[in-house]
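Below are the chains, spelled out letter by letter.
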Amino acid sequence: MSRERYYLFKSCILGAYYPRVEDSLRIVFDRLGVRYFDDSNQSSCTGHGYHSGIYPLRSTLEVNRRNFSLARTAGCDEIVTSCVTSYATLKEMKKFLKDTVDIYHGSEVIHENRDRLSEMLKYSLEGIRLVTHHGCHYTKIFYEDVRVGGPEDPMLLDEIAVSLGAEVVEYEEKGLCCGMGFRHLLLDQEYCRDIALKKLTSIKKVEPDLILVHCPGCLLTLDRFQPILEEETGVELRIPVIHYAELTALLLGANPDEIGAAAHQTRIDRVIERIRG
Amino acid sequence: MRRMAIGQEPLEGVFEDPRMEGIGLRRCLQCGRCTGSCPARSVFREFSPRMIVLEILEGRVSDLLRGDLIWLCGQCYTCHLRCPRGNSPATVILVLRELALMRGYARDKVRGIAERCGRSIWERGVNFHEEGSRELPDRAVADLKEALKRGGYDSFLKRLGVDLS
Ligand code: SF4
Ligand code: SF4
């Protein structure tokens, strides 16, 4: 990975539902001295719709031909995405367009800088037990590109969490989808409820303080379905879900408002208080 | 057992899609590893990626295109990762969905989503939008519309019944 200037590829789910997550990523990149270009002209990759069946390949190609050209105009040969579906969609479109742009995920950049990051922390995760969930579109589509661990046992978030001082706990359904299911999320959500419940029940068994995710869709699903599932099934879940960018920004000293803690449905305020002492 | 249509081209357009290049559809040995790993299968008992592959290989693509099954997949790509033969039911299903819509089937499966996300990208440049959330500046939206038109998206949305005027 060369370190010129990344084209920061923003997520439509984060933009609409957790806008402060990308602010958190900017905070972390700024502190680390990672340079990026933040382009207001960049459109959605349309990946969520593509996997829902509402964008034909041809349309998805043209949308991203435009995005790649914007990156080039900004002098960037490398794109860093905040979403794992953008990561996979851009990689797929790059292949068909025979473009040479390189695509990375934001968590990879943080992982690469984790040693330096750990020296800059204002707070640490000492005493915090967490589980990780890696997005399927990061681990399972371009599975040969999974950098840390393997597609069946991804360790990217685990290694980031350890360098931040946390204890990472294993759970049975680590490889299971979060339940987002693309079109299912926008329709009757039966898939979402069933799979999210299976995932969260497996997580609940090991009683972690936090679920650490790196995908906007996983954050949305694991966070927002908890109150719905609790009401429908009577099972008590209440496991705070946090995105790696929010967590690292918080540990660098950002306050709960700056990371957008209020946008979460699960209560992350108590664990934030514990971390901030 | 019915004879497999292996080797018969073009299986109703499936293999004409560029996404099928390098996908081991014909190499499927019906081991069922995809179905065994499939979250959608655990929710919808009638759904099975292995069976979808078999239906294609046995020449029943049009039944799949007309039916509901291909719309149950959650696009998690576990089958794509785990298939021992380099097949990718997840990719094949995406190809079938597009074929179905292009032939005028299943439009009720996506109309609502297209009305929301398709319209949102056309008007604002983002799939999802809430009040006050990020959207593209007007000039970028105009430029994006040109790219979408080059990709045939305006006529695609119109065919789904989304009115862009
Ligand atoms: S895992 Fe692969 S080879 Fe096995 S049934 Fe599924 S598609 Fe066929
Ligand atoms: S991509 Fe679809 S068919 Fe494949 S395992 Fe996931 S839900 Fe099942």
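Residues numbered from 1 in each chain as written. Chains lettered and ligands numbered in written order. Predicted model: local features only at pLDDT ≥ 70, side-chain atom pairs only at ≥ 80, totals over all residues. Heavy atoms only, no water.

## A few points about the site of ligand 1
Note the following rule: In these notes, residues near a molecule or strand are those with any non-hydrogen atom within 4 Å of it. For this classification, Asp, Glu, Lys and Arg are treated as charged, while Ala, Val, Leu, Ile, Met, Phe, Trp, Tyr, Cys and Pro are nonpolar and the rest, including Gly, are polar.
In the vicinity of ligand 1, 13 residues are found, and the nearest of them are Cys28(B), Cys31(B), Gly32(B), Cys34(B) and Cys83(B). Grouping the constituent residues of the shell around ligand 1 by class yields seven nonpolar, three polar and three charged.

## As for the domain arrangement of chain A
Many structure descriptions define interface size as the accessible area lost when the parts assemble. All names here are of chain A. Under the convention used in this document: The source of the domain bounds is an automatic or database domain assignment. It only takes one pair of heavy atoms within 4.5 Å for two residues to be counted as in contact. A 1.4 Å probe defines the accessible area here, and the buried area is the portion of it lost by two parts on being joined, summed over both.
Under the domain assignment used here, chain A contains domain 1 (6-109) and domain 2 (121-276). For domain 1 versus domain 2, the distance between C-alpha centres works out to 21 Å. Listed as interface residues are 29 residues of domain 1 and, on the opposing side, 37 residues of domain 2. Summed over both sides, the interface between domain 1 and domain 2 buries roughly 2900 Å², with carbon and sulfur atoms accounting for 69% of that surface.

## Some points on the sheet that holds strand S3 (residues 78-81) of chain A
All names here are of chain A. Stated precisely, the cut-off is as follows: We call two strands paired when DSSP finds no fewer than two bridges between them. A run of H or I in DSSP counts as a helix once it spans at least four residues, and a run of E counts as a strand once it spans at least two, with each numbered from the N terminus. Only the stretch in contact is used when fitting a helix axis, every axis being a line fitted to C-alpha atoms; angles between N-to-C directions are given from 0 to 180 degrees.
Read across the sheet, four strands follow the order S2-S1-S3-S4 without closing on themselves; strand pairing throughout is parallel. The open sheet has two free edges, formed respectively by strand S2 (36-37) and strand S4 (102-105), since each of these has just one partner strand. Where strand S1 (residues 6-9) and S3 come together, four bridges link them in parallel fashion. Looking at S3, one finds that Tyr-6 is bridged to Glu-78. Relative to S1, helix H4 (residues 57-73) is tilted by about 140°, and along the sheet it contacts S1, S3 and S4.

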